[in-house]
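What follows is the residue order along each chain.
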Amino acid sequence: MPASSYPWIVLAALAGASGVGCGAYAAHGLGFIASPEAREAARLSLQSATQYQLLHALALLGVGLWAAMRPGGRWLLAAGLLFLAGILLFSGLIYLQTFTGFAGLRRFVPWGGMSFILGWLALGAAAVRTVP
């Protein structure tokens, strides 16, 4: 397996494991939030962040497996980096706000969503570039 595929597979594993943990906490935790309405809002927000993280953990795994089978060039690298940026900006910033109450970076959450979209487009471009 080429060395270029290992980082993506490791990142996919870390994103998957932490996503499952955050999902479990969203379902069974959040007792530190006193208000039932605020707790429910936080739970829904965490569920959304977790779903996107887990979906894109699989996308990172796909990037790693593709890189192992045949190099995908710059577009595959861009796709992986954009998926990672999306996880950090979208899911990560939602986690940050929920667990700490710090909302100063909340305005960057949509950038994470845009990173996910661009990541999928870059993955498509990688596919088009590898067609003989």
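Let me begin by describing the structure that accompanies this report. (Residues numbered from 1 in each chain as written. Predicted model: local features only at pLDDT ≥ 70, side-chain atom pairs only at ≥ 80, totals over all residues. Heavy atoms only, no water.)

1. Considerations on the overall build of the protein
(1) Moving on: Tallying secondary structure elements over the protein gives 4 helices and 0 strands in all.
(2) Moving on: With the principal axes as the frame, the protein shows a C-alpha extent of 60 × 25 × 20 Å.
(3) Moving on: A total of 132 residues make up the protein; the buried ones form 34% of that total.
(4) Moving on: Taking the intrachain contacts of the protein between residues at least 6 apart in sequence as the baseline, contacts between residues at least 24 apart amount to 74%.
(5) Moving on: Surface accessibility of the protein: about 7400 Å² in total, with carbon and sulfur atoms responsible for 73%. (Helix = DSSP H or I, 4+ residues; strand = E, 2+ residues; numbered from the N terminus. Buried < 20%, exposed > 50% of the residue type's maximum accessible area, 1.4 Å probe, protein only. Contact = heavy atoms within 4.5 Å. Areas by Shrake-Rupley, 256 points an atom, 1.4 Å probe, with all protein chains shown as cover.)

2. Some words on the packing of helix 1 (residues 6-28) against helix 3 (residues 73-100)
(1) Moving on: Here helix 1 crosses helix 3 at 25°, and the two axes come no closer than 12 Å. The angle between helix 1 and helix 3 places the two elements in the roughly parallel class. Considering how the two elements wind past one another, helix 1 and helix 3 form a crossing that is left-handed. Counting all contacts with helix 1, which are made through Trp8, Leu11, Ala15, Cys22 and Tyr25, the residues of helix 3 involved are Leu77, Gly80, Leu81, Leu84, Ile87, Tyr95 and Phe99.
(2) Moving on: Among the residues forming the contact of helix 1 with helix 3, the class breakdown is 11 nonpolar, 1 polar and no charged. (Axes fitted to C-alpha atoms, helices over the stretch in contact; angles between N-to-C directions. Parallel < 35°, antiparallel > 145°, perpendicular 65-115°, else oblique. Left-handed = near helix turned anticlockwise from the far one by under 90°. Nonpolar A, V, L, I, M, F, W, Y, C, P; charged D, E, K, R; others polar.)

3. Some words on the side chain of threonine 98
(1) Moving on: Within the element layout of this structure, threonine 98 appears in helix 3.
(2) Moving on: At a separation of 2.9 Å, a polar atom in the side chain of threonine 98 contacts the main-chain carbonyl oxygen of isoleucine 94.
(3) Moving on: Residue contacts for threonine 98: discarding those within four places in its chain leaves Leu30, Phe32, Ala42 and Leu46. (Polar contact = N/O pair within 3.5 Å; in protein donor to acceptor, adjacent residues only side chain to side chain.)

4. So, the pattern of salt bridges
(1) Moving on: Under the counting rule described, the total for this entry stands at 1 salt bridge.
(2) Moving on: For glutamate 40, the salt bridge is made with arginine 43, and the minimal N-O distance between the two is 2.3 Å. Residue glutamate 40 and its partner arginine 43 are located together in helix 2 (residues 36-69), separated by 3 residues, close to a single helical turn.
(3) Moving on: Accessibility expressed as a relative area gives 34% for glutamate 40, which makes it partly exposed.
(4) Moving on: Residue class for arginine 43 comes out partly exposed when judged on its relative accessible area of 23%. (Salt bridge = Lys/Arg side-chain N within 4 Å of Asp/Glu carboxyl O.)

5. As for the packing of aromatic side chains
(1) Moving on: According to the stated counting rule, one finds 7 aromatic pairs in the structure shown.
(2) Moving on: Ring geometry for phenylalanine 108 against tryptophan 111: centres 4.9 Å apart, planes inclined by 80°, an arrangement best described as edge-to-face.
(3) Moving on: On the basis of relative accessible area, tryptophan 111 is assigned to the exposed category, the value being 54%. (Phe/Tyr/Trp six-rings, centres within 6.5 Å; stacked < 30°, edge-to-face > 60°.)

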